[in-house]
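# An overview of the molecular structure
The chain contents come next:
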Number of protein chains: 2
Amino acid sequence: MNTQDHISKEYNDELEQLRAKVLNMGGLVEDSFNDATKALLKGKVQLAREASKEDYKINALEVSIDEDCSNMIALRQPAASDLRNIFAVVKIVTDLERMGDESEKIAKFTAELSTNSHSMKFYNSLKSLVQNTREMLSAALDCYARLDAEKALEVLELDNEVDAEFINVNRILTTYLLEDIKNIEDTIKVMWCARSIERVGDHAKNICEYVVYIVKGNDIRHVIDEESRQGREK
Amino acid sequence: MNTQDHISKEYNDELEQLRAKVLNMGGLVEDSFNDATKALLKGKVQLAREASKEDYKINALEVSIDEDCSNMIALRQPAASDLRNIFAVVKIVTDLERMGDESEKIAKFTAELSTNSHSMKFYNSLKSLVQNTREMLSAALDCYARLDAEKALEVLELDNEVDAEFINVNRILTTYLLEDIKNIEDTIKVMWCARSIERVGDHAKNICEYVVYIVKGNDIRHVIDEESRQGREK
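Quick summary incoming for the structure in this document. (Residues numbered from 1 in each chain as written. Chains lettered and ligands numbered in written order. Predicted model: local features only at pLDDT ≥ 70, side-chain atom pairs only at ≥ 80, totals over all residues. Heavy atoms only, no water.)

### Description of the overall build of chain A
For clarity, the cut-off: Helix numbers and strand numbers start at the N terminus; a helix is a DSSP run of H or I with at least 4 residues, a strand a run of E with at least 2. Contacts were defined at the residue level, with two residues in contact if any of their heavy atoms lie within 4.5 Å. With residues, only the protein chains shown are counted as cover, and all accessible areas are computed by Shrake-Rupley using a 1.4 Å probe.
Across its full length, chain A holds nine helices and zero strands. Across chain A, helices and strands are ordered from the amino to the carboxyl terminus as α-α-α-α-α-α-α-α-α. When contacts within chain A are restricted to residue pairs at least 6 apart in sequence, those whose partners lie at least 24 apart make up 83%. With the model as given, the accessible surface of chain A reaches about 10200 Å², and the carbon-plus-sulfur share is 48%.

Below you can see the structure in the form of structure tokens.
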């Protein structure tokens, strides 16, 4: 955020505080996703129970940051570039909060899974999906911290890999269902977890798009989707 | 929106146009959800294919409305109540766009379902979930159109019913999986559809919360969740 142009030191501080608060919220979301998926991959029920209790902190930060944005717009009447920044924050915190929800869902399903070691085999099929999504989330937050639009354009491409992994995981889990119908309820719960992980990738992609919007001022959402749609219709 | 207090007729018109545009987007989202779920319930593959192609219109409206909001904030420096309104619109269009995505997913899965009449039996289990969610979506948009906060507080309670229906549907679909393992892929696709329908209920709830925020000025998001969390911890 280029804060050097602002005459008021107080205003500068407010913008910096806002940015710090978003990064703080991002850190909590990352922790919560990492804990939930660690619990899932290792079958740690206790960790899952703890992780599912942390979401209220993320929710409280969303409400508080929205309020800060609203107050800043009302009191400071921000110039175009600051307004774009604040506007993007309003969108970013929505995505962060939804990621918190998905992590909470993963933790809750994990806490409900039966603890027999047999079911461990399908956790292995999730490893690569989890790893890619963790990296994508971490990189997206990093792009926001540095306001690095070039990197953001690279990171958002990773969502295609996450989506492909998800389809793959689904296929593997379906074969487990066929092989071992007794384990059906656990397998379906793991499917819901996989879906939640994939959704976190979608939200990380959204954050990258907002970083591009902050830095370059153009709205690239749906542009790629639209290009591929027109391509298909040709 | 109380536009009588504004001196500038042009500004009044802009606020009215913004509101009309959000309602227009809401109408498209409702159509797309109704078409996708109709195709699902009746097994109409052709309707599903058509429904899955309409999402780009909703996406384009989201980008356009965000731009309008940003321009209005920059040029008009809105007073507190108008700012709250514009702020809520920025959030509402995000939820509308996500509902469009969920409808698109339902339509795509439906288009992929095999057309054998056998699988029709589990569409019946979705009827009530679909009906409740349609009503909730329609009522939520109505609350925004009338800015009716009292009604919004009633409508958001319906999400509990939608969530309960979803759990029910899941249970029924699991028994179908056990009975007829050959149909596993279709059944899982129908499960994904059920999940998307349930998500539409969540987004409709969010819209109701924003209506309360516009009218009453207080942010009720997560308040109910937090109360139930504290209740559990006692």
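On we go from here.
### Digging into the packing of aromatic side chains
Just so we agree on the cut-off: Pairing of aromatic rings covers Phe, Tyr and Trp, the last through its six-membered ring, and needs centres within 6.5 Å; plane angles under 30 degrees mean stacked, over 60 mean edge-to-face, and all others mean tilted.
Applying the stated criterion across every chain yields a total of three aromatic pairs over all chains. Centre to centre, the rings of tryptophan 192 of chain A and tryptophan 192 of chain B are 5.2 Å apart; their planes meet at 85 degrees, and the pair counts as edge-to-face. In this pair, tryptophan 192 of chain A sits in helix H8 (residues 184-216) while tryptophan 192 of chain B sits in helix H8 (residues 184-216), so the two residues belong to two different chains. Clustering of aromatic rings is evident, with ring pairs tying together Phe166 and Trp192 of chain A together with Phe166 and Trp192 of chain B.

### Observations concerning the packing of helix H1 (residues 9-42) of chain B against helix H6 (residues 127-146) of chain B
Residues and elements named next belong to chain B. Stated formally: For helices, the axis comes from a line fit to the C-alpha atoms of the stretch in contact; other axes are also lines fit to C-alpha atoms, and the angle between any two N-to-C directions lies between 0 and 180 degrees. Here roughly perpendicular refers to angles of 65 to 115 degrees, roughly parallel to angles under 35, roughly antiparallel to angles over 145, and oblique to all remaining angles.
Closest axis-to-axis distance for the H1/H6 pair is 10 Å, and the angle between their directions is 175 degrees. One element, H1, and the other, H6, form an angle in the roughly antiparallel class. On H6, the residues that touch Arg19, Val22, Leu23, Gly26, Glu30, Phe33, Asn34, Thr37, Lys38 and Leu41 of H1 are Lys127, Val130, Thr133, Arg134, Leu137, Ser138, Leu141, Tyr144 and Ala145.

### Details of the interface of chain A and chain B
Where we set the bar: Just to be clear on terms, a salt bridge is a Lys or Arg side-chain nitrogen sitting within 4 Å of an Asp or Glu carboxyl oxygen. For the purposes of these results, a polar contact is taken to be a pair of N or O atoms within 3.5 Å, where, inside protein, one atom must be able to donate a hydrogen and its partner to accept one; residues adjacent in sequence count only when each atom of the pair is a side-chain atom. Residues are grouped as follows: nonpolar covers Ala, Val, Leu, Ile, Met, Phe, Trp, Tyr, Cys and Pro; charged covers Asp, Glu, Lys and Arg; every other residue, Gly included, is treated as polar.
In this assembly, 46 residues from chain A lie in contact with 46 residues from chain B. Taken together, chain A and chain B are joined by eight salt bridges. Of the charged contacts in the structure, one is a salt bridge between lysine 91 of chain B and aspartate 66 of chain A, with a shortest N-O distance of 3.0 Å. One can count eight residue pairs in polar contact (both at pLDDT 80 or more) joining chain A with chain B. Counting residues per element, the ones that place at least two in the side of chain A that touches chain B are helix H3 (55-76), helix H4 (80-112), helix H7 (149-179), H8 and helix H9 (223-233) of chain A. Examining the composition of the side of chain A that touches chain B, we find that twelve residues originate from one element, H8 of chain A, more than from any other. Looking at the side of chain A that touches chain B, its residues break down into 19 nonpolar, ten polar and 17 charged.

### What about a positive patch on the surface?
All names here are of chain A. Applied cut-off: Excluding any residue in a salt bridge, patches collect residues exceeding 30% relative accessible area, merging like charges within 9 Å and nonpolar Val, Leu, Ile, Met, Phe, Trp and Tyr side chains within 5 Å. Asp and Glu are treated as the negative residues and Lys and Arg as the positive ones, with His and the ends of the chain left uncounted. One atom stands in for each charge, and that atom is NZ of Lys, CZ of Arg, CG of Asp or CD of Glu. Relative accessibility thresholds used throughout: buried, under 20% of the residue-type maximum; exposed, over 50%; partly exposed, between the two (1.4 Å probe, protein chains only).
On the surface, Lys38, Lys42, Lys44 and Lys127 cluster together to form a positively charged patch. Along the chain, the position of lysine 42 falls in helix H1 (residues 9-42). Classification of lysine 42 by relative accessible area gives exposed; the value is 53%.

### Topic: the packing of H3 of chain A against H4 of chain A
All names here are of chain A. Cut-off, in case you're wondering: Should the near helix be turned anticlockwise from the far one by less than a right angle, the crossing is left-handed, and should it be turned clockwise, the crossing is right-handed.
One can describe the packing of H3 onto H4 by two numbers: an axis separation of 9 Å at closest approach and a directional angle of 170 degrees. Here H3 is positioned roughly antiparallel relative to H4, judged by the angle of their axes. H4 is crossed by H3, and the crossing has left-handed handedness. Residues Asp55, Ile58, Asn59, Glu62, Ile65, Asp66, Cys69, Met72 and Ile73 of H3 lie in contact with H4, whose contacting residues are Leu83, Ile86, Val89, Val90, Val93, Thr94, Leu96, Glu97, Gly100, Asp101 and Glu104. Tallied by class, residues from the contact of H3 with H4 come to eleven nonpolar, three polar and six charged.

### With respect to the nonpolar core
Going by this rule: Note on terminology: a nonpolar core comprises buried Ala, Val, Leu, Ile, Met, Phe, Trp, Tyr and Cys residues joined through side-chain atoms within 4.5 Å.
Counting residues in hydrophobic clusters, the biggest one holds 142 residues, and the most contacted among them are Leu96 and Leu126 of chain A together with Leu96 and Leu126 of chain B. With residues near it in sequence (within four places) discarded, leucine 126 of chain B still touches Leu40, Leu41, Val169, Val190 and Ala194 of chain B.

### Notes on the environment of valine 22 of chain B
Residues and elements named next belong to chain B. Relative to the elements of secondary structure, valine 22 occurs in helix H1. Overall, the relative accessible area of 3% leaves valine 22 in the buried class. Each C-alpha atom, one on valine 22 and one on arginine 171, is 37 Å from the other, the two residues being 149 residues apart in sequence. Here valine 22 is in contact with Ile65, Val89, Ile92, Val93, Leu96 and Tyr144, once residues within four sequence places are set aside.

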